[in-house]
Amino acid sequence: MENIPSVFWIIPIASVCALGMAWYFFRSMMKEDEGTPRMIEIAEFVRRGAMAYLKQQYKVVLIVFIVLAIIFAVMAYGFNVQNPWVPFAFLTGGFFSGLAGFFGMKTATYASARTANAARKSLNQGLRIAFRSGAVMGLVVVGLGLLDIAIWFLILTHFYHGDNTALITVTTTMLTFGMGASTQALFARVGGGIYTKAADVGADLVGKVEANIPEDDPRNPATIADNVGDNVGDVAGMGADLYESYCGSILSTAALGATAFAASAGDMQMRAVIAPMLIAAVGVFLSLLGIYMVRTKEDATMKDLLRALGVGTNTAAVLIAISTFLILYWLQIENWVGISFSVISGLAAGVIIGQATEYYTSQSYKPTREISEASKTGAATVIIKGIGTGMISTCVPVLTISVAIMLSYLCANGFDMSMSAQSIQIGLYGIGIAAVGMLSTLGITLATDAYGPIADNAGGNAEMCELGSEVRQRTDALDALGNTTAATGKGFAIGSAALTALALLASYIEEVKIAMHRVGDTMTNVAGETIDAANATIPDFMNYFQVNLMNPKVLVGAFVGAMAAFLFCGLTMGAVGRAAEKMVEEVRRQFREIKGILDGKGTPDYGRCVEISTLSAQHEMIFPSLLAIAIPIVIGVVLGVAGVLGLLVGGLAAGFTLAIFMANAGGAWDNAKKYVEEGNYGGKGSDGHKATIVGDTVGDPFKDTSGPSLNILIKLMSMVSIVMAGLTAALG
């Protein structure tokens, strides 16, 4: 540890501060009044259902993790095609990812009734409780992420030190705990998404369309399951997802820094490795500042509420941009000015994607209002308009990410277009650190996302407890804001996933080189000389494995990667459909057989609907999740390294675009329905309202199951490829 600079200790300090503030916000929220006995009862129903589901999910995931850890141990200790630390790193990644989701969901289930009760007093109080409760999730994710990174860095640098290859080994080994985080995140996202949308679809189709009762009405048997689902999908799932993105971006950039600056004099390599960790650590403190800046006035419009959140997130983003120059100057990184601009390109891309998502999904803007207007001619035109809007909405994010990739690459390498080995390595480091820039203020960015389901559940609690119309109006405003922030958060998550996956692509190459060196393989460089694999440059690597568009292995891999994105969406959409059918049948049965439900005299069997969602989610999530793990392994065995690189590129391009389309189309449909419910185009109960409900129902699995799961898919395929690089190289 004597080689680790003292500035490194800022990282664990930031981690402890984030976790300490998360605890403070949680305790502050718990001191608030939960409301009437009925409000407390409803909140307890949701809390028990959410915890029961999460407990069952973690049992299933634990079995998968034990099996995979055993496989990695056999690869490491039996066949020497894996680093011996990988099984342990894999398990800790999954554990911390699951822990982040658990803490976030626990907070959300306690916060919803308190938010509803605060909304009885004022809109600002409701916003403050919901947002700071969402901040618990953001701070837990960054706190646990930095803690995991700091601990593993200290452990591995203790065992690997002495030369420039040691840091390369340390950082590529640390990358493998990202596979544990990705695997946990995928199960959380897919399982939670199936759960919440089965309940939501059943509640909407039978309750709102057939029985013509309001959303979250206590007469609807599926309404408790719907509220539980918001927590297990949009809180626990999102937390596990962004934990993986956060850690993946930092670790892949550290690995690229170790390689790019391996030949530099002094401790430049070490400073390049800890630079992304330091940027993330400073981002924690600036996120806290942004969180305290979020407040609004009582008669706030939707634009006022969006502006209130924007003040906090944009302030944090501007300050981290300024801080980056100071951090990289302080570390004396080569071309620190250019690399700082790479970080800013990532930050700017995140802001632009967020604004574009807000424009295409908020009812304050033309695209969503046009979907509402289409309700005058029925559900079919609502669906057509929503699909078209979702497709058009992909343009800005895709072009933004493309520009960010080029700018971050060129700024880092001094606009060197020679494509020399060193130029490529430094440019890729720039792309990785751009992803770190985008995620550096995750503490507040994730707070705006986790806020959404808390506000949604607060509205449900207010409706079920029959609070006054003024309270429901406030919770509706908070809920509508949550739909937009959730859509923005999904766009942000997939945008960061694209940059992270690109950095992981370069890290895969380094892992293959290390795997080949471990078994004593050599390769032929571009000059025709035989060299040790560990000394090969990226051009050497591409030449040796024939990674070019004329190689059918690359093309086939790209096609399979693109297909995997659609296959995954199809499987998860089908799973939601099957689970929703069971829910619809159950709600109809209860309306038919339990006397007095619709008159408010009978009590629905909420527990049966929760049970249906839980069992369906557990059963349906296994095959898509295991398929995401299996595809990279099979391609690696059959098509080798060139095929895997094609797979990752194809999956990234198709998955990114498809995820943006699905998230934005779903968000637009949801807010189009809310715009009609505000009294436009016929208002609640009209034919136009029913048409938008159908559109929202179609959009539910788009935005909350399949779309958000895709960004985990593209990162998980990268992580699996990295972890299995030894096997691929050995067979290749």
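The coordinates are above.
Residues numbered from 1 in each chain as written. Predicted model: local features only at pLDDT ≥ 70, side-chain atom pairs only at ≥ 80, totals over all residues. Heavy atoms only, no water.

### Some thoughts on the overall build of the protein
Let me state the cut-off plainly: Counting from the N terminus, the helices are DSSP H or I runs at least four residues long and the strands are E runs at least two residues long. The atom set for the radius of gyration is the C-alpha atoms, and the globule formula is 2.2 Å times the number of residues raised to the power 0.38. Here the term buried applies to any residue with accessible area under 20% of the maximum for its type, exposed to any over 50%, and partly exposed to those in between, with areas from a 1.4 Å probe on protein chains only. A contact between two residues is defined here by any heavy atoms of the two lying within 4.5 Å. Here the accessible surface of atoms and residues is derived via Shrake-Rupley with a 1.4 Å probe, and residues count as covered only by protein chains that are part of the display. Just so you know, the count uses Lys and Arg for positive and Asp and Glu for negative, and it drops His and the chain ends. Positions of charges follow a simple convention, taking NZ of Lys, CZ of Arg, CG of Asp or CD of Glu.
When its secondary structure is counted, the protein shows 22 helices and two strands. Its C-alpha atoms give the protein a radius of gyration of 25 Å, within 12% of the compact-globule value 27 Å for 732 residues. Dimensions along the principal axes, computed over C-alpha positions, put the protein at roughly 85 × 50 × 40 Å. Residues counted as buried form 66% of the 732 residues belonging to the protein. Taking the contacts inside the protein whose residues are at least 6 apart along the sequence as the reference set, 82% of them involve residues at least 24 apart. A total accessible area of about 24,000 Å² is found for the protein, and carbon and sulfur atoms account for 64% of it. Of the charged side chains in the protein, 46 are positive and 56 negative, and the gap between their average positions amounts to 6 Å.

### What to know about the state of the cysteines
Simply put, the disulfide is a covalent bond whose two ends are the sulfur atoms of two cysteines. Going by this rule: By convention in this document, the label disulfide applies to cysteine sulfur atom pairs within 2.5 Å.
Throughout the structure, instances matching the rule amount to zero disulfides. In this structure C17 is not part of a disulfide, and its nearest cysteine sulfur, from C247, lies 18 Å away. The partly exposed category is assigned to C17, whose relative accessible area is 30%. Here C465 is not disulfide-linked; the sulfur of C609 is the nearest cysteine sulfur, at 18 Å.

### Regarding unusual backbone geometry
Peptide bonds are mostly trans, and most non-glycine residues show a negative phi. Residues other than glycine seldom take positive phi values, yet E466 does so here, at roughly 55°. The class of E466 is exposed, set by a relative accessible area of 67%. Phi is positive for Y681, close to 50°, though the residue is something other than glycine. With respect to the helices and strands, the residue Y681 is situated in the loop between α20 (622-677) and α21 (687-723). The exposure class assigned to Y681 is partly exposed, which follows from its relative accessible area of 33%.

### Description of helix α4 (residues 123-159)
Spelled out, the test is: To estimate the expected span of a helix, subtract one from its residue number and multiply by 1.5 Å. Here a polar contact means two N or O atoms within 3.5 Å. Within protein one must be a hydrogen donor candidate and the other an acceptor candidate, and residues neighboring in sequence count only if both atoms are side-chain atoms.
If you check α4, its first and last C-alpha atoms are 55 Å apart, about what 37 residues at 1.5 Å a residue would give, namely 54 Å. Burial runs high along α4: 29 of the 37 residues are buried. Two to three positions downstream of the cap, the backbone nitrogen of Q125 sits 3.1 Å from a side-chain oxygen, assigning the N-cap of α4 to S122.

### Observations regarding the packing of aromatic side chains
Given two aromatic rings, their pairing is described by the distance between the two centres and the angle made by the two planes. Threshold: Pairing of aromatic rings covers Phe, Tyr and Trp, the last counted by its six-membered ring, and requires centre-to-centre distances within 6.5 Å; plane angles under 30 degrees mean stacked, over 60 mean edge-to-face, and any other angle means tilted. Both a distance and an angle decide whether a charge sits over a ring: NZ of Lys or CZ of Arg must be within 6 Å of the ring centre and within 35 degrees of the ring normal.
Counting across every chain of the model gives 24 aromatic pairs. Between F26 and Y110, the ring centres sit 6.5 Å apart and the planes meet at 85°, which makes this aromatic pair edge-to-face. On the criterion of sequence distance, the pair formed by F26 in helix α1 (residues 10-30) and Y110 in helix α3 (residues 86-119) is long-range, its members being 84 residues apart. Taking relative accessible area as the criterion, F26 reaches 11% and is therefore assigned buried. In textbook terms, an aromatic cluster arises when at least three aromatic residues are bridged by ring pairs, as seen for F8, W9 and F153. Taking NZ or CZ as reference, R47 lies 4.0 Å from the ring centre of Y110, over its face.

### Some words on the nonpolar core
What counts is decided by this rule: To define a nonpolar core, start from buried Ala, Val, Leu, Ile, Met, Phe, Trp, Tyr and Cys residues and group those joined through side-chain atoms within 4.5 Å.
Ranked by size, the top nonpolar core spans 247 residues in total, and within it F153 and M179 carry the most contacts. No other element matches α20, which puts 23 residues into this core. Setting aside anything within four residues of it in sequence, one finds F153 in contact with I4, F8, L167, V170, M174, M270, V273, I274 and M277.

### A word on the pattern of salt bridges
Heads up, the rule is: A pair is scored as a salt bridge if a Lys or Arg side-chain nitrogen falls within 4 Å of a carboxyl oxygen belonging to Asp or Glu.
This structure, assessed with the given rule, holds 29 salt bridges. Across the pair R47 and E34 runs a salt bridge whose closest N-O atoms are separated by 3.6 Å. Placement of the pair is R47 in helix α2 (residues 37-78) and E34 in the loop between α1 and α2, with a sequence separation of 13 residues. Pair check on accessibility: R47 and E34 agree, each one buried. The partner of K703 in a salt bridge is D700, and the shortest N-O contact between them spans 3.8 Å. Residue K703 and its partner D700 are both found in helix α21; the two are separated by three residues, about one turn of the helix. We classify K703 as buried; its relative accessible area is 9%. One salt-bridge network, in which partners are shared between bridges, spans K197, D200, D670, K673, K674, D696, D700, K703 and D704.

### As for a nonpolar patch on the surface
Let me state the cut-off plainly: The residues that make up patches have over 30% relative accessible area and no salt bridge, and they are joined within 9 Å when like-charged or within 5 Å when they are Val, Leu, Ile, Met, Phe, Trp or Tyr.
A grouping of L62, I66, I70, V74 and F79 is seen on the molecular surface, where their side chains present a nonpolar patch of about 500 Å² in accessible area. Here I70 is to be found in helix α2.

### Observations concerning the packing of helix α18 (residues 552-593) against α20
Put simply, the test is: Every axis corresponds to a line fitted to the C-alpha atoms, with the helix fit spanning only the stretch in contact, and the corresponding angles, defined between N-to-C directions, vary from 0 to 180 degrees. When an angle is under 35 degrees it counts as roughly parallel; over 145 it counts as roughly antiparallel; between 65 and 115 it counts as roughly perpendicular; any other value is oblique. Here a crossing is called left-handed whenever its near helix is offset anticlockwise from the far helix by less than a right angle, and right-handed whenever the offset is clockwise. Under the scheme applied, nonpolar residues are Ala, Val, Leu, Ile, Met, Phe, Trp, Tyr, Cys and Pro; charged residues are Asp, Glu, Lys and Arg; polar residues are all the others, including Gly.
Contact pair α18 / α20: the axes reach a minimum separation of 6 Å and the direction vectors enclose 55°. With respect to their mutual orientation, α18 and α20 come out oblique. Crossing handedness for the pair α18 and α20: right-handed. Here the residues of the contact of α18 with α20 sort into 24 nonpolar, eight polar and one charged.

### A look at the environment of S408
Counting through the fold element by element, S408 comes out in helix α13 (residues 395-412). Of the residues examined, S408 reaches a relative accessible area of 0% and is grouped as buried. Between the alpha carbons of S408 and I344 there is a distance of 8.4 Å; along the sequence they are 64 residues apart. When neighbours within four sequence positions are excluded, S408 is seen to be in contact with S342, S345, G427, G430, I431 and A434.

### So, the packing of helix α7 (residues 223-260) against helix α14 (residues 421-439)
Helix-helix packing: each pair is described by the crossing angle between the helix axes and the interaxial distance. Put simply, α7 and α14 touch, their axes get as near as 8 Å, and they point 155° apart. It follows from the interaxial angle that α7 and α14 lie roughly antiparallel. The two elements α7 and α14 meet at a crossing, and its hand is left-handed. In this structure, α7 contributes L242, S245, Y246, S249, I250, T253, L256, G257, T259 and A260 to the contact, and α14 contributes Q422, Q425, I426, L428, Y429, G432, I433, A435, V436 and L439. Here the residues of the contact of α7 with α14 sort into twelve nonpolar, eight polar and no charged.

### Section: the side chain of S375
Relative to the helices and strands, S375 is located in the loop between α11 (366-373) and α12 (379-392). S375 sits in the buried class, given a relative accessible area of 4%. A distance of 2.5 Å separates a polar atom in the side chain of S375 from the backbone oxygen of S372. Excluding residues that lie within four positions of it along the chain, S375 makes contacts with V382, V676, Y681, G688, A691 and T692.

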